[in-house]
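What follows is the residue order along each chain.
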Amino acid sequence: MKKTLDLIAAPTGMQPGDYVPRVYSDRDGPQTPSVSLEVEHSTRGWRFHVRWPCPKPVQDTGGQSNLFPDAVALVAPSVPEAQWVTMGAPGLAIGGFLWRADREPLIRMRAEGFGTVQRSEAENVRQVTSEWNGGEWSLAFEVAGWKELDETRRLAIAVWRGSARERAGLKSVSPGWIEVGT
Amino acid sequence: MSNIRESQSAPRQLAMVLDLNKCLGCQTCTVACKKLWNKDSGSDYAYWNSVETLPGRGYPAEWQETGGRDSEGAVKRGEIPDIDTAYGRAWNFNHKKTFDSAGKPGAQKEWLRPDSNPKWGANWDEDRGAGEYPGNNHYFYLPRLCNHCTHPACLDACPRKSIYKREEDGIVLVDQDRCHGYRFCVEACPYKKVYFDYERQVANKCIFCLPRIEEGVPMACARQCPGRLRFVGYRDDPEGPIWKLVDKWKVALPLHPEYGLAPNVFYVPPMSPPQLDARGRPTGEPRIPLTYLESLFGDSVGGALETLVAEREKRKQGRPSELMDLLIAYDWNQSFALGPKDAEVSLE
């Protein structure tokens with residue numbers, strides 16, 4: 001599968017707590033308008049290649065209090081009923097992988113609703129390459145086993161632009177699940 | 001305050017009062033806190049307790065310019081201070097070069113100086129103050145720490161509910177296992193007393209020395225203070241110093257009450273000697289303008305100062321004053337009301 005996807009700004013009004021929905025309600029449109037996503041499935045597992053525009057990369061946040069890294073997450077629902085926009089729900093988990101420009105390796109993510117993301121060390125991930133060149137990030141990696149994606153064949157993507165201080169629910173996202181086929 | 005989370009109220013509240021008339025600016029509290037809790041490299045720039053000179057830009061610089069709650073109780077958007085320009089980056093001195101140059105006859109003398117080019121720091125504008133010598137120059141020291149607010153902005157701002165108030169004493173804590181380092185808490189706290197550990201990628205802040213408190217021992221900043229200017233106890237204890245200073249005598253006031261967070265660290269405002277006119281005669285006007293103190297401690301500061309002056313006069317005349325005796329702190333044990341008195345480590 002190879003697609004160019006238009007992204008939307010994750011709805012701040014749905015974010016947990018009182019602060020983010022209100023003080024960031026003036027966000028209009030996604031900071032990252034589109035992303036190119038290439039997905040291959042083989043006996044080796046899943047291979048991904050993601051490219052997205054980023055005029056001012058933030059790769060090094062070391063020793064700083066107010067810098068946020070560029071980042072991308074690919075997630076999949078554990079069951080077809082799990083919603084992407086809410087990061088799943090209790091009993092309807094989503095799971096995936098987080099890449100941050102300021103660190104290696106990838107991070108395994110799992111969530112059952114807003115504010116419930118749990119991070120752990122990613123296993124079975126190989127061939128991770130990332131490069132920023134000419135205003136664009138390019139990220140490629142392979143996953144030998146991804147239970148949620150293996151079962152539901154759906155993906156969603158989130159992009160955080162560090163230079164715009166995007167983090168947590170401040171992000172550009174695919175409008176819904178993307179069918180990756182068999 | 002309809003926008004305040006219900007979960008943040010605590011049945012009992014631990015609190016602190018600091019008498020600014022007794023603060024020497026010696027930073028013993030700062031060092032006691034830093035050495036005890038906060039030596040990690042990722043928060044080397046962070047001082048849970050700091051002492052700044054006012055009037056001044058403070059630490060972090062210009063911290064008073066953003067944040068707080070609006071008239072409806074909603075937390076306003078704040079800023080995340082920059083390490084280089086607002087907090088100030090920790091630096092080392094060129095001790096070795098200085099030492100070596102002193103030992104070499106004829107060598108150019110190397111003076112002691114920072115080994116980097118710092119732009120700001122936690123005590124950068126020490127003793128600068130405001131006004132013109134000798135007429136109205138003035139300054140005072142303001143020790144600052146987390147206020148363990150009754151309505152904490154940091155708690156409201158965290159989308160992961162990583163910040164909570166303890167039921168038993170109202171201490172505001174960060175659950176660092178839940179924290180993902182998003183820094184909305186740093187942004188929202190108008191006192192700028194939540195910090196970001198850039199190595200561990202989590203927020204950290206003053207914990208009111210809770211392991212000491214649980215043993216009946218006051219916070220390190222309070223216990224180590226040579227000036228005995230800190231008082232510790234529970235808000236609702238009528239026998240303790242907090243209730244007496246805040247509620248009975250009404251001389252201890254919250255910092256920036258207009259922020260709407262109901263802080264639980266209170267300050268006895270600084271009295272000041274009179275200004276001098278062109279011929280060097282006292283004018284009767286205090287050197288620290290009342291309007292400036294009101295901008296820090298609210299409209300009640302004038303009344304608090306009048307009470308302090310009146311009680312001080314009583315004591316000068318040899319008459320008893322419960323307030324002055326309490327503030328003088330003849331016996332430091334009377335400054336702390338934490339429960340089991342026998343918990344303090346004994347040398348006997």
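Let me sum up the structure you'll find in this document. Numbering of residues starts from 1 in each chain and follows the order in which that chain's sequence is written. The lettering of chains begins at A and the numbering of ligands begins at 1, in the order of writing. Only residues with pLDDT of 70 or above have their local features reported here, since the model is predicted, and side-chain atom pairs are shown and tallied only from 80 upward, although totals for entire chains, interfaces and linings are computed over all residues. To obtain the side-chain values, all non-hydrogen atoms of the structure were included, while hydrogens and water were left out.

What follows deals with the overall build of chain B. For helices the rule is a DSSP run of H or I covering at least 4 residues; for strands it is a run of E covering at least 2, with both sets numbered from the N terminus onward. Looking only at helices and strands, chain B features 11 helices and 12 strands. A globule of 348 residues ought to have a C-alpha radius of gyration of about 20 Å, and chain B, at 21 Å, matches this closely. Projected onto its principal axes, the C-alpha coordinates of chain B cover approximately 65 × 60 × 55 Å. Burial analysis of chain B (348 residues in total) assigns 52% to the buried set. Long-range contacts, defined here as pairs at least 24 residues apart, represent 67% of the contacts in chain B between residues at least 6 apart. Two things to know: the radius of gyration comes from C-alpha atoms, and the globule rule equals 2.2 Å times the number of residues to the power 0.38. Partly exposed describes any residue whose relative accessible area lies between the buried limit of under 20% and the exposed limit of over 50%, with all areas from a 1.4 Å probe on protein chains only and scaled to the type maximum. Note on definitions: a residue-residue contact is assigned when non-hydrogen atoms from the two residues lie within 4.5 Å.

All names here are of chain A. When DSSP finds two or more bridges between a pair of strands, those strands are recorded as paired. Taken together, the 5 strands give an open sheet; going across it, the order is β1-β3-β4-β10-β9, and neighbouring strands pair in antiparallel fashion. The outermost strands of the open sheet, each flanked by one partner alone, are β1 (2–6) and β9 (125–133). Neighbour-to-neighbour, the strand axes of the sheet open up by a mean angle of 15°, direction not taken into account. Pairing of strand β4 (residues 45–53) with strand β10 (residues 136–143) involves 8 bridges; the strand directions are antiparallel. Paired with Arg 51 across the two strands is Ser 138, which belongs to β10. The axes used here are C-alpha line fits, helices contributing only the stretch in contact, and every angle between their N-to-C directions lies in the interval 0 to 180 degrees.

A few words now on the nonpolar core. By convention a nonpolar core is built from buried Ala, Val, Leu, Ile, Met, Phe, Trp, Tyr and Cys residues, the set being connected through side-chain atoms within 4.5 Å. Residues Met 16 and Phe 297 of chain B are the most contacted members of the largest nonpolar core, which totals 100 residues. With 5 residues, the single largest contributor to this core is strand β1 (residues 14–19) of chain B. Within the second largest apolar cluster, 29 residues are counted, among which are Val 39, Ala 101, Leu 149 and Val 159 of chain A.

Once that is clear, we can look at the packing of helix α9 (residues 290–297) of chain B against helix α10 (residues 301–316) of chain B. Residue and element names in this part refer to chain B. At a minimum axis separation of 9 Å, α9 and α10 run at an interaxial angle of 115°. The angle between the axes of α9 and α10 places the two elements in the roughly perpendicular class. Counting all contacts with α9, which are made through Leu 290, Leu 293, Glu 294 and Phe 297, the residues of α10 involved are Val 301, Gly 302 and Leu 305. Each residue is assigned to one class: nonpolar for Ala, Val, Leu, Ile, Met, Phe, Trp, Tyr, Cys and Pro, charged for Asp, Glu, Lys and Arg, and polar for all the others, Gly among them. Broken down by class, the residue content of the contact of α9 with α10 amounts to 5 nonpolar, 1 polar and 1 charged. An angle counts as roughly parallel when it lies under 35 degrees, as roughly antiparallel when it exceeds 145, as roughly perpendicular when it falls between 65 and 115, and as oblique in every other case.

Bringing the state of the cysteines into the picture now. Residues and elements named next belong to chain B. Our working definition of a disulfide is a cysteine sulfur pair at a distance within 2.5 Å. Here the structure, examined in full by the defined rule, presents 0 disulfides over all chains. We note that Cys 146 lacks a disulfide partner, and the nearest cysteine sulfur, in Cys 206, lies 5.4 Å from it. Not engaged in a disulfide, the cysteine Cys 225 finds its nearest cysteine sulfur in Cys 26; these two sulfurs lie 6.3 Å apart.

A separate point is the pattern of salt bridges. Residues and elements named next belong to chain A. The rule for a salt bridge is simple: a side-chain nitrogen of Lys or Arg has to be within 4 Å of a carboxyl oxygen of Asp or Glu. What the rule picks out here adds up to 28 salt bridges over all chains. In this structure, the salt-bridge partner of Arg 44 is Glu 142, at a minimum N-O distance of 2.8 Å. Remark: Glu 142 occurs in strand β10 and Arg 44 occurs in the loop between β3 (34–42) and β4; sequence separation between them is 98 residues. For Arg 44, a relative accessible area of 46% gives the class partly exposed. For the salt bridge of Glu 112 with Arg 110, the shortest nitrogen-to-oxygen distance reads 3.2 Å.

Turning our eyes to something else, we now look at the interface of chain A and chain B. Tallying the contact residues gives 25 residues for chain A and 31 residues for chain B. Contact with chain B buries surface across chain A, with Tyr 19, Ser 65 and Arg 167 of chain A losing the most and accounting together for 26% of the total. On inspection of chain A and its partner chain B, the count reaches 1 salt bridge. Arg 167 of chain A serves as the salt-bridge partner of Glu 187 of chain B, at 3.0 Å between the closest nitrogen and oxygen. In protein, a polar contact requires one atom able to donate a hydrogen and another able to accept it; more generally it is a pair of N or O atoms within 3.5 Å, and residues adjacent in sequence count only if both atoms are side-chain atoms. Linking chain A with chain B are 17 residue pairs in polar contact (both at pLDDT 80 or more), by the criterion used here. When its residues are assigned to classes, the side of chain A that touches chain B shows 10 nonpolar, 7 polar and 8 charged. The buried area of a pairing is the accessible area, by a 1.4 Å probe, that goes missing from both parts when the two are put together, added over both.

Residues and elements named next belong to chain B. By secondary structure assignment, the location of Asn 94 is in the loop between α2 (83–87) and α3 (95–102). The exposure class assigned to Asn 94 is buried, which follows from its relative accessible area of 10%. With near-sequence residues (within four places) excluded, Asn 94 lies in contact with Glu 110, Trp 111, Leu 112 and Arg 113.

All names here are of chain A. Examined against the element boundaries, Val 75 turns out to sit in strand β5 (residues 71–77). Between the C-alpha atoms of Val 75 and Phe 97, which are 22 residues apart in sequence, the distance is 6.4 Å. Not counting residues up to four positions away in its chain, the partners in contact with Val 75 are Trp 84, Ile 94, Gly 95, Gly 96, Met 109, Trp 146, Arg 154, Leu 155, Ala 156 and Trp 177.

Here we come to the pairing of strand β6 (residues 194–197) of chain B. Residues and elements named next belong to chain B. Of the two faces of β6, the one carrying Val 194 and Phe 196 and the one carrying Tyr 195 and Asp 197 are both buried. Sheet topology note: the β6/strand β7 (residues 202–205) ladder contains 4 bridges and is antiparallel. When the bridges of β7 are listed, Tyr 195 appears paired with Asn 204. Between β6 and β7, which pair antiparallel in sequence order, lie 4 residues; one of them, Gln 201, sits at a positive phi of approximately 60°.

Take the packing of aromatic side chains next. When two rings of Phe, Tyr or Trp (its six-membered ring) have centres within 6.5 Å they constitute a pair, described as stacked for plane angles under 30 degrees, edge-to-face for angles over 60, and tilted for the intermediate range. Scanning all chains against the criterion turns up 28 aromatic pairs over all chains. Judged by centre distance (4.9 Å) and plane angle (85°), the ring pair of Phe 97 of chain A and Trp 146 of chain A falls under edge-to-face. Of the two residues, Phe 97 of chain A is situated in strand β6 (residues 94–100) and Trp 146 of chain A in the loop between β10 and α2 (147–152); the sequence distance between them amounts to 49 residues. Residue classification places Phe 97 of chain A among the buried positions, given a relative accessible area of 2%. Between the aromatic rings of Tyr 139 of chain B and Tyr 141 of chain B, the centroid separation amounts to 5.7 Å while the plane-to-plane angle is 65°, which identifies the pairing as edge-to-face.

What follows concerns unusual backbone geometry. Residue and element names in this part refer to chain B. Put simply, Leu 54 and Pro 55 share a cis peptide bond, and its omega is -5°. When you line up the elements, Pro 55 lands in the loop between β2 (50–54) and α2. A cis amide bond links Tyr 59 to the next residue, Pro 60, at an omega of -10°. Position of Pro 60 among the secondary structure elements: in the loop between β2 and α2. Despite not being glycine, Arg 228 shows a phi value in the positive range, around 50°. Turning to its location among the elements, Arg 228 is positioned in the loop between α7 (220–223) and β8 (230–234). For Arg 228, a relative accessible area of 34% corresponds to the partly exposed category.

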